[in-house]
Each structure stands twice: as structure tokens, then as C-alpha cells.
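Here is what each chain is made of, one letter per residue.
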Amino acid sequence: MNTLPHKHQGFFRWLTLYLIPMCVLVVVAAIFLVDRSSSNQWERFVRLSFGQRPVYRTYAHAIMSLRAIPAFGLVYFIFALLAEMVVSLISRSRVSVAFHVLAVWVIGFLSSFGPLYMRWIRIRVEGRHPLAQEIASAIIFATAYAAVALIVVLLLKKIWRRDTQP
């Protein structure tokens, strides 16, 4: 099953690898990080999923706290784009959905793990908890990122097929 159409491959890759999943997840994550004085169970869920409790007073502050994730994601997107270009040149065909989603998952994991790891390093040595919580948060973010990207790929493929068929 082929993912990318021959026409407009670069734009399709940019949309599905980086732009749409990153915009959706950063906006959704910021909503959860705004403090609404919820229950303790909800705060534990948010802490596990996003690596921190909901502490921000406004939505703008939550968005600003997540600005490193799109910056890291852009760097990893460039590497994933190069990898997909090499794979498509070597195989002389289009990139498969599985490889595309794997690249998306890696982008999501690395872009979220970078800021989480930097936050973990800033904590004093005595107060450090194991790195497993940051890894779990990065895995959750990457899985959600891949799910959003897969949905976008399937929707765009459906639209592309409908528009190209007579």
C-alpha cells in the first residue's frame, strides 16, 4: 500500500510528518496543562501523560511552555524527510504507510523526549526520580502523534484518490 502520491510529495510529507500532527497535539496538550483545580486522579493522569501537573493559569502560558516540542520536531522532521527520500530513491517506488507512520512515531518520541529530558536534568540530583516517567510520557505523546498522522494520511489519500479518479 503506497502512502504518498507522486504529485506534491514534498507538501504531503510536510503535512503528514510534521505540520498537522504537531499543531493538533501541542494545542491539545496545552489545554490539559491549564490548571482547573481538578481531582487528584486527573492530575496524576495529566502528569503521566505530559510529564508535569497542570500548573499554568492561562492557555497562552501552557502553549509557551510547550514551544520546545515543535522546535525539536522540526529538526527531526528534516532527518525523517531525508530518510524517506533515500528510501523512495532506493526502492524506486513510493514510501509505505508503515514506514511513514514509523517515521512519524520517531519524530513524536524524540521531539517530546528532548524537553522532558532537559526538564529532568534541571532537577537537583537528590530530587531526581527515575527517567522512566519521562520515557513513558514521550511514548504516550509519540503514539498519539502517530495516530493523528495516520488519520491524516488516510484522509488525504482518500481525498487524493477521489480527486484523481475519473
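Keep in mind it's a predicted model, so treat the numbers as computed, not measured.

**Topic: the nonpolar core**
For step 1, the next point in the chain: Core analysis: the biggest nonpolar cluster contains 28 residues, and Leu33, Leu66 and Tyr145 have the highest contact counts within it.
For step 2, the next point in the chain: At the level of secondary structure, the elements contributing two or more residues to this core comprise α1 (9–33), α2 (40–50), α4 (68–91), α5 (97–122) and α6 (132–164).
For step 3, the next point in the chain: Sorting elements by how many residues they give to this core places α1 first, with eight residues.
For step 4, the next point in the chain: If we ignore the near neighbours within four places in the chain, the residues touching tyrosine 145 are Leu17, Tyr18, Pro21, Met22, Leu25, Val104, Ile107 and Gly108.
For step 5, the next point in the chain: Residues Phe113, Leu116, Ala138 and Ala142 belong to the second largest nonpolar core, which totals five residues.

**Some words on the packing of aromatic side chains**
For step 1, the next point in the chain: Inspection of every chain in the model, using the stated rule, returns five aromatic pairs.
For step 2, the next point in the chain: A ring pair is formed by phenylalanine 109 and phenylalanine 113, whose centres lie 5.6 Å apart and whose planes are at 5°; its orientation type is stacked. In this pair, phenylalanine 109 and phenylalanine 113 both sit in helix α5, four residues apart, roughly one turn of the helix. Both residues of the pair, phenylalanine 109 and phenylalanine 113, count as buried.
For step 3, the next point in the chain: Each residue in the set Trp105, Phe109, Phe113 and Tyr117 is aromatic and connected to the rest through ring pairs, giving one cluster.

**Notes on a nonpolar patch on the surface**
For step 1, the next point in the chain: A cluster of nonpolar side chains, namely Leu74, Val75, Ile78, Phe79, Leu82 and Met85, defines an oily patch on the protein surface of about 540 Å² accessible area.
For step 2, the next point in the chain: Inspection of the secondary structure assignment puts phenylalanine 79 in helix α4.

**Quick look at the packing of α4 against α5**
For step 1, the next point in the chain: Axis separation between α4 and α5 bottoms out at 8 Å; the angle between their running directions is 150°. Here α4 lies roughly antiparallel to α5, going by the angle between them. Crossing handedness for the pair α4 and α5: right-handed. Contacts between α4 and α5 involve Ala68, Ile69, Phe72, Gly73, Tyr76, Phe77, Ala80, Ala83, Glu84 and Val87 from the former and Phe99, His100, Ala103, Ile107, Leu110, Ser111, Ser112, Gly114, Pro115 and Met118 from the latter.
For step 2, the next point in the chain: Its residues placed into classes, the contact of α4 with α5 shows 14 nonpolar, five polar and one charged.

Conventions used here
Residues numbered from 1 in each chain as written. Predicted model: local features only at pLDDT ≥ 70, side-chain atom pairs only at ≥ 80, totals over all residues. Heavy atoms only, no water. Core = buried A, V, L, I, M, F, W, Y, C linked by side-chain atoms within 4.5 Å. Buried < 20%, exposed > 50% of the residue type's maximum accessible area, 1.4 Å probe, protein only. Helix = DSSP H or I, 4+ residues; strand = E, 2+ residues; numbered from the N terminus. Contact = heavy atoms within 4.5 Å. Phe/Tyr/Trp six-rings, centres within 6.5 Å; stacked < 30°, edge-to-face > 60°. Patch = residues over 30% accessible without salt bridge, like charges linked within 9 Å, V, L, I, M, F, W, Y side chains within 5 Å. Areas by Shrake-Rupley, 256 points an atom, 1.4 Å probe, with all protein chains shown as cover. Salt bridge = Lys/Arg side-chain N within 4 Å of Asp/Glu carboxyl O. Axes fitted to C-alpha atoms, helices over the stretch in contact; angles between N-to-C directions. Parallel < 35°, antiparallel > 145°, perpendicular 65-115°, else oblique. Left-handed = near helix turned anticlockwise from the far one by under 90°. Nonpolar A, V, L, I, M, F, W, Y, C, P; charged D, E, K, R; others polar.

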